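Fold and geometry: a report
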Amino acid sequence: MAAHRRLIQARNRLLAHRARHDMREWRVKRRERTRQLIELGGLVVKAELIELTDDDRAVILGLLIEAATELKGENRDQQLLLWRRRGSRAFAQNQLADRS
């Protein structure tokens, strides 16, 4: 019984190794998309939107839709510049806090 279990574990390790190193185009694109989604979720956390909205996903989506509406308006470039500056400052502050 123990030998059978070890064999199954070895097979599972082999399959996991193959999955990690699978370089088929669709799999690589899927990994890239997954990484992007995780990073974007991290930005939501970093902006403290989860705590500020009590994890109300409808509110978070509403905020994002509002931002998209702003970007479709006439002041797109000005709004992007403002948000880029705020985001850059936030990243810089986080890096300083991480070093401390």
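The residue numbering used here restarts from 1 in each chain and proceeds along that chain's sequence as written. Totals for whole chains, interfaces and linings use all residues, but because this is a predicted model, local features are given only for residues with pLDDT of at least 70 and pairs of side-chain atoms are given and counted only at 80 or more. The side-chain quantities take in all heavy atoms of the structure and omit both hydrogens and water.

What follows concerns the pattern of salt bridges. Side chains that carry opposite charge are capable of pairing whenever their charged atoms lie near each other. Should a side-chain nitrogen of Lys or Arg be within 4 Å of a carboxyl oxygen of Asp or Glu, the pair is scored as a salt bridge. The full count for this structure, using the stated rule, is 5 salt bridges. Note that Asp-22 is salt-bridged to Arg-27, the shortest N-O span being 3.0 Å. Under the scheme applied here, a residue whose accessible area is under 20% of the maximum for its type counts as buried, over 50% as exposed, and between as partly exposed, the area being computed with a 1.4 Å probe on protein chains only. Looking at Arg-27, the relative accessible area reads 22%, which means it is partly exposed. Arg-35 is paired through a salt bridge with Glu-39; the nearest N and O atoms lie 3.2 Å apart. With Arg-35 and Glu-39 both in helix H2 (residues 25-46) and 4 residues apart, this pair spans about one turn of that helix. Under the relative-accessibility criterion, Arg-35 is labelled exposed at 58%. The exposure class of Glu-39 is partly exposed, given its relative accessible area of 43%. Three or more residues joined by partner-sharing salt bridges are found here, namely Asp-22, Arg-24 and Arg-27. Strands here are runs of E lasting at least two residues and helices are runs of H or I lasting at least four, both read from the DSSP assignment and numbered beginning at the N terminus.

Residues enter patches when they are more than 30% accessible in relative terms and free of salt bridges; like-charged ones are connected within 9 Å and nonpolar ones (Val, Leu, Ile, Met, Phe, Trp, Tyr) within 5 Å. Each accessible area value is a Shrake-Rupley result obtained with a 1.4 Å probe; residue values ignore everything except the protein chains displayed when judging cover. Side chains of Leu-37, Leu-40, Leu-43 and Phe-91 sit close together on the surface and give an oily, nonpolar patch of about 360 Å² of accessible area. Counting residues per element, the nonpolar patch draws most heavily on H2, which supplies 3 residues.

Before going further, it helps to examine the side chain of Thr-53. Structurally, Thr-53 is set in the loop between helix H3 (49-52) and helix H4 (57-71). Look at Thr-53 and you get buried, because its relative accessible area is 13%. We call two residues contacting when some pair of their heavy atoms lies within 4.5 Å. The contacts of Thr-53, once residues within four sequence positions are left out, are Val-59, Ile-60 and Leu-63.

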